[in-house]
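Here is how the chains run, residue by residue.
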Amino acid sequence: MNKSYIFYGVCALIVLICICQDDILILFQNAKLNEGKLKNAAIAQVDTVTTAVPFIAETESLPVTTQKDTVNPVQNVPQTFSDAETPVKKSVQETVNPEHFSDRLQTVTLNGKSYPGLEEELLACIAYVENFSDTAYFCGAKWTIGYGTTAYPDGSSVSPGQRITRKHALECVRRHLRRYVFPVIETSVEKQLSQNEMIATCLFVYNIGGGNFTNRKGMGPCAFLNALNNNESAEECARKMTECRYAAGGVAEGLLKRRWVEGAIFCGYLTPSEILLLNPAGFYNVRGLNEYYTGCRPDRDGLYSFRYDQDTVENFLDRNRGNYKRVKDII
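Summarised in this report is the structure supplied together with it. Treat the numbers as computed from the prediction; the structure is a model and nothing was measured.

Time to look at the overall build of the protein. The number of helices and strands found in the protein is 10 helices and 6 strands. Counting all 331 residues of the protein, 38% fall into the buried class. Looking at the protein as shown, the accessible area adds up to about 19300 Å², and 55% of this sits on carbon and sulfur atoms.

Okay, helix α10 (residues 310-320) next. For α10, the complete set of buried residues consists of Thr312, Val313, Phe316, Leu317 and Asn320. Seen along its axis, α10 keeps its buried residues to an arc of 130°; they face one direction. Of the residues in α10, the exposed ones pointing more than 90 degrees away from the buried face are Gln310, Asp311, Asp318 and Arg319. Packing partners of the buried residues in α10 comprise α2 (118-130), α8 (253-267) and α9 (272-275). Between the side-chain oxygen of the N-cap and the backbone nitrogen of Asp311 there are 3.3 Å, and the N-cap of α10 in question is Asp309.

The biggest cluster of nonpolar side chains holds 73 residues, and the ones touching the most others in it are Phe213 and Phe316. Of all elements in the fold, only β1 (107-110), α2, α3 (166-188), α4 (195-208), α6 (223-229), α7 (234-240), α8 and α10 reach the threshold of two or more residues within this core. Excluding residues that lie within four positions of it along the chain, Phe213 makes contacts with Val184, Ser188, Val189, Thr201, Phe204, Val205, Ile208, Pro221, Cys222, Phe224 and Leu225.

A full pass over the atoms with the stated rule returns 16 aromatic pairs. Between Trp260 and Tyr308, the ring centres sit 5.2 Å apart and the planes meet at 50°, which makes this aromatic pair tilted. One end of the pair, Trp260, is in helix α8; the other, Tyr308, is in the loop between α9 and α10, with 48 residues separating them in the sequence. Judged by relative accessible area, Tyr308 falls into the buried class, the value being 12%. With a centroid separation of 5.0 Å and 25° between ring planes, the pair formed by Tyr269 and Tyr308 is classed as stacked. Remark: Tyr308 occurs in the loop between α9 and α10 and Tyr269 occurs in the loop between α8 and α9; sequence separation between them is 39 residues. Judged by relative accessible area, Tyr269 falls into the partly exposed class, the value being 31%.

This brings us to the packing of α2 against α3. α3 packs onto α2 with a crossing angle of 110° between their chain directions and a minimal axis gap of 11 Å. Classed by the angle they form, the pair α2 and α3 counts as roughly perpendicular. Both α2 and α3 take part in a crossing whose hand is right-handed. On the side of α2, the interface is formed by Leu118, Glu119, Glu120, Leu122, Leu123 and Ile126, while α3 contributes Leu170, Val173, Arg174, Leu177, Arg178 and Phe182. Considering only residue class, the contact of α2 with α3 consists of 8 nonpolar, no polar and 4 charged.

The final tally for this structure, using the stated rule, is 0 disulfides. The thiol of Cys237 is not disulfide-bonded; the next cysteine sulfur, from Cys267, is found 8.3 Å away. Classification of Cys237 as buried rests on a relative accessible area of 2%.

Relative to the elements of secondary structure, Asp134 occurs in strand β3 (residues 133-139). Residue classification places Asp134 among the buried positions, given a relative accessible area of 7%. Of the polar contacts made by the side chain of Asp134, one reaches the side chain of Thr135; its length is 3.1 Å. Within the local environment of Asp134, its side chain forms a polar contact with the side chain of Arg163, the two groups lying 3.1 Å apart.

Bringing the environment of His176 into the picture now. Mapped onto the fold, His176 is located in helix α3. For His176, a relative accessible area of 29% gives the class partly exposed. In this structure, the C-alpha to C-alpha distance between His176 and Tyr152, residues 24 residues apart in sequence, is 8.6 Å. Beyond its immediate stretch of four places on either side in the chain, His176 contacts Val181 and Tyr206.

Cut-offs and rules
- Residues numbered from 1 in each chain as written.
- Predicted model: local features only at pLDDT ≥ 70, side-chain atom pairs only at ≥ 80, totals over all residues.
- Heavy atoms only, no water.
- Helix = DSSP H or I, 4+ residues; strand = E, 2+ residues; numbered from the N terminus.
- Buried < 20%, exposed > 50% of the residue type's maximum accessible area, 1.4 Å probe, protein only.
- Areas by Shrake-Rupley, 256 points an atom, 1.4 Å probe, with all protein chains shown as cover.
- Arc of directions from axis to C-beta.
- Contact = heavy atoms within 4.5 Å.
- Polar contact = N/O pair within 3.5 Å; in protein donor to acceptor, adjacent residues only side chain to side chain.
- Core = buried A, V, L, I, M, F, W, Y, C linked by side-chain atoms within 4.5 Å.
- Phe/Tyr/Trp six-rings, centres within 6.5 Å; stacked < 30°, edge-to-face > 60°.
- Axes fitted to C-alpha atoms, helices over the stretch in contact; angles between N-to-C directions.
- Parallel < 35°, antiparallel > 145°, perpendicular 65-115°, else oblique.
- Left-handed = near helix turned anticlockwise from the far one by under 90°.
- Nonpolar A, V, L, I, M, F, W, Y, C, P; charged D, E, K, R; others polar.
- Disulfide = S-S within 2.5 Å.

Shown next, in the form of structure tokens:
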């Protein structure tokens, strides 16, 4: 009797399982799915915690890339700055240490005299009057790039669309000075110049070219070179620079403004250390010539007379002091 009940019970259970097998499978699948979701949620939470910390740490410790970090002069193009960027924070008593000019022990010897740090000081002055462009641009007569470079050391000319890094541009300037500027001064200037006079003379030759310096328009040395070799006063030598003021067939105010800077350096009114803190090429933005010269027209001898009184020089420094970008930021 009991065995019959057990037999019928087992049969009934089997029939019930067969009828409800789909529902039972669904229950098991849901249980496993829920268990998987819980595990995934736990893993996701752990991942969120462990990855967030390194991300913050990496963000805070990202190294600042400087021009010294760039290697390829074509692919790694330096960042150019605009006056709309964040101003440079400076202390009120900020001064420039001469040691900024790299190796002061590195000297250039011209006409039997040594000039310590001449190249570094020249680079600062050239960067000031030329500014820096990482892209080739047309400057009146020639395509120009970097710090006023119109041809590369290998002799090839600058072409439209070319780009350059600051490191490569500085090297172009150094090679140009050593190949075309220093030798011309060595062979043509007959007197020993002071440090500031040599800087200004090199800056002048860098702009007009050695040919125009020694044989202007095929008529012999330019007025400035004649004044140097005739031992004229510093102020008179500086005035003779204004002979070279023509571009595209007319008088160029930009060149006369540049002559004022060169003359101020020559006479000692403006130093490379002061130039480091000025806004590159900012002096070109001044309208007219009244702030630089005694008049807008040349004197009777065809040359211009500079204004180098204390107020003029101080106003020049104040007006051109770099608040957003300085010469020392682009070299």
